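Chain by chain, the residues run as shown.
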Amino acid sequence: MSAEVEQPQIPIVKKKPNCFVGFANLPNQVHRKSIKKGFQFTLMVVGESGLGKSTLINTLFNTSVYPNKEHLEAEEPPKTIKIETITTNLEENGIKLKLNVIDTPGFGDFVNNETSWKPILEEIETRFDLYLEQENKVNRKKIVDERVHACLYFIAPTGHSLKPLDIEFMKRLHHRVNLIPVIAKSDLLTEEEVAGFKARIMEDISYNKIQIYRPPIYENDDPETLQENKEIVLRMPFAVVGCDKEIEMKKKKVRGRQYPWGIIDVDNEDHCDFIKLRQMLIRTHMEELREYTNEVLYENYRSNKLIASGNEFGDGGNPLARFEEEKRAHEAKMTKMEAEMKMVFQQKVQEKKNKLMQSDADLHARHKEMKEKLVNQRRELEETKRQLESGARPGTPEKSRKGKGYFK
Amino acid sequence: MSSPNNFIGIANLPNQRHKIVSRKGAHFTIMVVGESGAGKTTFINTLFAALMREYQNEEKRFQKQLERTVEIEIIRAEIEEKGFNVQLTIIDTPGFGDYVNNSDCWVPIVEFIDEQHLNYMKQERKANRRNIDDMRVHACLYFIQPTGHTLKPLDIEVMKQLGSRVNLIPVISKADTITRADLTAFKNRILDCIKFHNINVFCPPIQSDDEDTTRRNTAIANAMPYAVIGSEQDVVTPDGRRVKGRQYLWGVAEVENEEHCDFKKLRNLLIRTHMDSLISTTEEVHYEDYRANRLTKEGRTDDDPQVRKLFDAKMKEEEDALRKRFTEQVRTEESKFRKWEQELIDERDRLNKDLEAEHSAVQALKAEIEALKSPVQARSPRK
Ligand SMILES: Nc1nc2c(ncn2[C@@H]2O[C@H](COP(=O)(O)OP(=O)(O)O)[C@@H](O)[C@H]2O)c(=O)[nH]1
Ligand SMILES: Nc1nc2c(ncn2[C@@H]2O[C@H](COP(=O)(O)OP(=O)(O)O)[C@@H](O)[C@H]2O)c(=O)[nH]1
Ligand SMILES: [Mg+2]
Ligand SMILES: [Mg+2]
């Protein structure tokens, strides 16, 4: 099948209807449909154990996505990085969200964490592959999207800067997933420490050319949206505090952590960036994260993969095309095999032929030589005999050869 | 923002979708099919409230019978409405049904529709698919002449073909030329005919959470086939309103008056309320069907392990055949050599015999000589 797609070039004319046609209703139609269909999101959390990943997820979605730790106290530390997915169905004002959270227990918990990023990258790519495979099916009415739409990366609140492991991880993954770095348990740092820590982290990120997810800016955004996004970006990396239990504060119930010196209120923007993270991750950019995953991250992965496998012009993943390819490879292999076999064969035949011809020649040569000797001997003997018969003295006769066969 | 703690923000997701769609705009492709003079061009210009399509140049009518083909004309326009961008593609089919013999005149139209699906399929398979040119037809309006009778055999044939490929929407043009009572009867006959011939027409989804919407959707669905009046002219009604319509001595036929025709319902169906439904039905049903069919014809199945097994078996078979061929060649060659070797052995034996004969002669001579040298001994056995 020809790979080129020819489309006639048709000029596009700008038209201005002289009354309202109704195209501008389309977003409302999609809005309505989306309510009916519901939403779906896959979020990955990565970070050393005990950084508050499970707690933050529970806090973000105000749900026990992860059951209370108390029961699971005696959990054994894993030997390898595990990939654990939990699916939760959430609903708010009639809007449904199927949330998949992928945890990666074990990350950063070993003595040697050099390749900790690997199983996680593999997981992300496997999910891309799975999607690609579904896309190439003949029947794709039941396609499911399990691609990772965002990855919350938990930075330990050391107050220093990024650790080599953090940098390595982010560098390895930023082209495959929307990275959202967060400073875990930021209540362990003072306001000043947080500010310095954030600045150093951002320096590390830009020095290492790490691409973290930022709300995209569109030319038609209204000033309010632009301002909102700007405030979000200013708070990056979000210093978060997680807490899924409510406590009483000034007769009001708040989600917070109580210390002798006071209560840190998760939902207070002065205390931490939890609100901003939730703002971006759920309230304003959840669908944008999905769009970016689908249109940029996945497309890049897909086209790289197809080009690398020599499949630039489509038929990508088409099993039949794959077979075609394999068939061609197989035919090439067969041709080579045949040529090699032929060569060896001809060589062997030639060798054998030469050998036989040589034997034949040797045989006759030796025969000739011996025959000549014998004939000579005979002539000499005949001569001797004649002389003897005529009374002359004979010469010394030659010693003749013994044995029956002359050639073997 | 200080919203209550228990508000997560999931309820915002539809708004996020809304925003994304608003930002991206839309592609919409509409096709009009029907005999010339049916009012296709007028309808398009009325629907989009702009001169989208120049009216037919009557000078061309002399060439018509010679060409004998349906032309397919594509117009691409960009329309902006309240900041929302639409890339509109209009596909017109002038010349349809203009000939004495119109059998198969729909073939180029159907081929065009299939070709758009195929083009999309090819582009979708490419490694780089960032700028896909998508001309899949989202809605195909079939214009039925307001004869008041029923569908003609040509209508039935064409509608059958179209309905199996695209969202087909039957339209009765020039509704102002047919009375209400006649129209109702005409519509019923057409619907019966559609049902009888199993013609697949687009039915908008009706069910909705909101009663008003459900009622409105039902009204739209029930109005099919849509009787429309086309006019770009602004005229004044006897009661002094400026409207789009056709001015007759006996009154004004108004385009946007639901008492006069179904234009508004059709516009709702096409644009205001069901455009998304037309687009997604095209992409998820018609295109997917086309693609699945095509791939199946190419021999594709999703049942990979089966294909893989057959494939692997075939490859192995070929390799075995090659080996066998060589083994045979080697065998024939070997037998040739064996024959040759045998010949050599025979030759050797022959030569040995020859030498032995010579040797015996020599030995005999030697004995004779010995005998001659010692005459006493030698002579006695001789004598
Ligand atoms: N100080 C502080 N402790 C936290 C925070 N989030 C969670 N924790 C506590 O840290 C411990 C580990 O939390 P968990 O969510 O299980 O961490 P994970 O292993 O990363 O999932 C628990 O005792 C939590 O109560 C936080 O923001 N600040
Ligand atoms: N009575 C009546 N005439 C119409 C209507 N729409 C179009 N016409 C006329 O029908 C003729 C052919 O229309 P046109 O749009 O060029 O038809 P096309 O060949 O299908 O594109 C023109 O004279 C139009 O003015 C209508 O709704 N009612
Ligand atoms: Mg945990
Ligand atoms: Mg026309």
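Residues numbered from 1 in each chain as written. Chains lettered and ligands numbered in written order. Predicted model: local features only at pLDDT ≥ 70, side-chain atom pairs only at ≥ 80, totals over all residues. Heavy atoms only, no water.

Moving on: the overall build of chain B. Tallying secondary structure elements over chain B gives 11 helices and 9 strands in all. Taking all 383 residues of chain B together, 49% fall into the buried category. Sequence-distant contacts, at least 24 apart, represent 68% of the contacts inside chain B between residues at least 6 apart. Summed over its atoms, the accessible surface of chain B is roughly 19,400 Å², and 51% of this surface lies on carbon and sulfur atoms. (Helix = DSSP H or I, 4+ residues; strand = E, 2+ residues; numbered from the N terminus. Buried < 20%, exposed > 50% of the residue type's maximum accessible area, 1.4 Å probe, protein only. Contact = heavy atoms within 4.5 Å. Areas by Shrake-Rupley, 256 points an atom, 1.4 Å probe, with all protein chains shown as cover.)

As a further point, take the side chain of Thr41 of chain B. As for its placement among the helices and strands, Thr41 of chain B is situated in helix α2 (residues 40-47). The contacts of Thr41 of chain B, once residues within four sequence positions are left out, are Arg53, Glu54, Tyr55 and Asp92 of chain B.

A separate point is the nonpolar core. If you look at the biggest cluster of nonpolar residues, it comprises 82 residues, and the most contacted ones within it are Phe23 of chain A together with Phe48, Leu162, Ile169 and Leu270 of chain B. Here Leu162 of chain B is in contact with Val33, Ile109, Val110, Ile113, Cys140, Tyr142 and Leu168 of chain B, once residues within four sequence places are set aside. Among the nonpolar cores identified, the runner-up in size contains 81 residues, and Cys151, Val177, Ala239 and Leu289 of chain A belong to it. (Core = buried A, V, L, I, M, F, W, Y, C linked by side-chain atoms within 4.5 Å.)

On the UniProt side, "coiled-coil region" (unreviewed entry) is annotated at positions that read residues 323-372 of chain B here. For residues 323-372 of chain B, the end-to-end C-alpha separation is 71 Å, with 100% helix and 0% strand making up the annotated structure. (UniProt positions renumbered as here; feature names shortened; annotations may be inferred.)

A word on the environment of Ile206 of chain B. Residue and element names in this part refer to chain B. Examined against the element boundaries, Ile206 turns out to sit in the loop between α6 (180-196) and α7 (211-222). In this structure, the C-alpha to C-alpha distance between Ile206 and Asn217, residues 11 residues apart in sequence, is 5.1 Å. Beyond its immediate chain neighbours, meaning those up to four positions away, Ile206 contacts Thr214, Asn217, Thr218 and Ala221.

Interfaces are often sized by the accessible area lost when the parts come together. Counting from both sides, the interface comprises 130 residues of chain A and, opposite them, 119 residues of chain B. Taking both partners together, chain A and chain B bury about 11,700 Å²; carbon and sulfur atoms supply 59% of that area. Ranking the residues of chain A by area buried against chain B places Phe23, Val138 and Arg283 of chain A at the top, with a combined share of 8%. Along the contact surface separating chain A from chain B lie 18 salt bridges. Note that Arg17 of chain B is salt-bridged to Glu291 of chain A, the shortest N-O span being 2.6 Å. (Buried area = accessible area lost by both parts, 1.4 Å probe. Salt bridge = Lys/Arg side-chain N within 4 Å of Asp/Glu carboxyl O.)

Residues and elements named next belong to chain B. Near ligand 2 lie 16 residues; those nearest to it are Gly37, Thr41, Thr42, Asp176 and Gly230. A distance of 2.6 Å is found between an oxygen atom of ligand 2 and a side-chain nitrogen or oxygen belonging to Thr41. A distance of 3.3 Å is found between a nitrogen atom of ligand 2 and a side-chain nitrogen or oxygen belonging to Tyr248. Alone, ligand 2 offers 580 Å² of accessible surface; in the complex the protein occludes 76% of this. Considering every element that reaches the shell around ligand 2, the biggest residue donor is α2, with 3 residues. Along the lines of polarity and charge, the residues of the shell around ligand 2 split into 4 nonpolar, 7 polar and 5 charged. (Near = heavy atom within 4 Å. Polar contact = N/O pair within 3.5 Å; in protein donor to acceptor, adjacent residues only side chain to side chain. Nonpolar A, V, L, I, M, F, W, Y, C, P; charged D, E, K, R; others polar.)

This part takes up helix α4 (residues 164-173) of chain A. Here α4 of chain A has its buried residues at Leu165, Asp166, Ile167, Phe169, Met170 and Leu173 of chain A. Considering only its buried residues, α4 of chain A is in contact with β2 (39-46), α3 (117-135), β5 (150-155), β6 (179-183) and α5 (191-207) of chain A.

Residues and elements named next belong to chain A. Around ligand 1, 16 residues are found, and the nearest of them are Gly50, Ser54, Thr55, Asp187 and Gly242. Protein burial of ligand 1: of its 580 Å² of free accessible surface, 79% is covered by the chains. Elements supplying a minimum of two residues to the shell around ligand 1: α2 (53-61) and β9 (252-259). The leading source of residues in the shell around ligand 1 is α2, at 3 residues. Taken together, the residues that form the shell around ligand 1 break down as 4 nonpolar, 6 polar and 6 charged.

Quick look at the sheet that holds strand β7 (residues 234-236) of chain B now. Residue and element names in this part refer to chain B. Spatially, β7-β8-β9 is the arrangement adopted by the 3 strands of the open sheet, whose pairing is antiparallel. Looking at the sheet topology across the chains shown, the edges are occupied by β7 and β9 (251-254). For this sheet, the mean inter-axis angle between neighbouring strands, taken without regard to orientation, is 65°. As defined by bridge partners, strand β8 (residues 242-248) adjoins β9 across 4 bridges and the pair is classed as antiparallel. Note on β9: the bridge partner recorded for Tyr248 is Gly251. (Pairing = 2+ DSSP bridges. Axes fitted to C-alpha atoms, helices over the stretch in contact; angles between N-to-C directions.)

Residue and element names in this part refer to chain A. The 3 strands are arranged β8-β9-β10 in an open sheet whose pairing can be described as antiparallel. Each edge of the open sheet is held by one strand with a lone partner, namely β8 (246-249) and β10 (262-265). Strand-to-strand, the axes of this sheet are offset by a mean angle of 70°, without reference to chain direction. With 4 bridges joining them, β8 and β9 adopt antiparallel strand pairing. Paired with Glu246 across the strands is Arg255, a residue of β9.

Helical geometry note: an α-helix holds 3.6 residues per turn, so side chains three or four residues apart project in the same direction. Within the span of helix α5 (residues 153-163) of chain B, buried status applies to Asp155, Ile156, Val158, Met159, Leu162 and Gly163 of chain B. Where α5 of chain B is buried, its residues meet β1 (26-33), α4 (107-125), β4 (139-144), β5 (168-172), α6 and α9 (275-297) of chain B.

Residue and element names in this part refer to chain B. At a closest axis distance of 12 Å, the pairing of α2 and helix α8 (residues 263-272) adopts a crossing angle of 70°. By the angle between their directions, the pair α2 and α8 is classed as roughly perpendicular. Facing α2, whose interface residues are Phe43, Thr46 and Leu47, α8 presents Phe263, Leu266, Arg267, Leu270 and Ile271. By residue class, the composition of the contact of α2 with α8 is 6 nonpolar, 1 polar and 1 charged. (Parallel < 35°, antiparallel > 145°, perpendicular 65-115°, else oblique.)

What the rule picks out here adds up to 3 cavities of 30 Å³ or more. What lines the largest cavity is Cys19 of chain A together with Thr46, Leu47, Ala49, Lys244, Val255, Glu256, Phe263 and Arg267 of chain B. Listing elements by their share of the lining of the largest cavity, those giving two or more residues are α2 and α8 of chain B. The residue inventory of the lining of the largest cavity, partitioned by class, reads 5 nonpolar, 1 polar and 3 charged. (1 Å grid on protein atoms, 1.4 Å probe; cavity = no way out; pocket = protein on both sides within 12 Å on 5 of 7 lines; lining within 4 Å. Points joined across faces, edges and corners; volume = space filled by probe spheres on them.)

Moving on: the confidence of the model for chain B. Predicted coordinates in areas of low pLDDT are best not read in detail. Residue and element names in this part refer to chain B. Overall, the prediction assigns chain B a mean pLDDT of 87, with 90% of residues at 70 or greater. In the model, residues 378-383 has pLDDT below 50 throughout and makes 4 contacts with residues more than four positions away in sequence or in other chains. Across the interfaces of the predicted complex, the ipTM metric reaches 0.75, alongside a pTM of 0.77. (pLDDT = per-residue confidence, 0-100.)

Bringing the pairing of strand β3 (residues 84-92) of chain A into the picture now. Pairing of β3 of chain A with strand β4 (residues 95-103) of chain A involves 9 bridges; the strand directions are antiparallel. Among the inter-strand pairings, Ile86 of chain A is bridged to a residue of β4 of chain A, identified as Val101 of chain A.

In this section: the domain arrangement of chain B. On domain assignment, one finds that chain B holds domain 1 (12-298) and domain 2 (305-368). Look at where the C-alpha atoms of domain 1 of chain B and domain 2 of chain B centre, and you get two points 82 Å apart. (Domains from an automatic or database assignment.)

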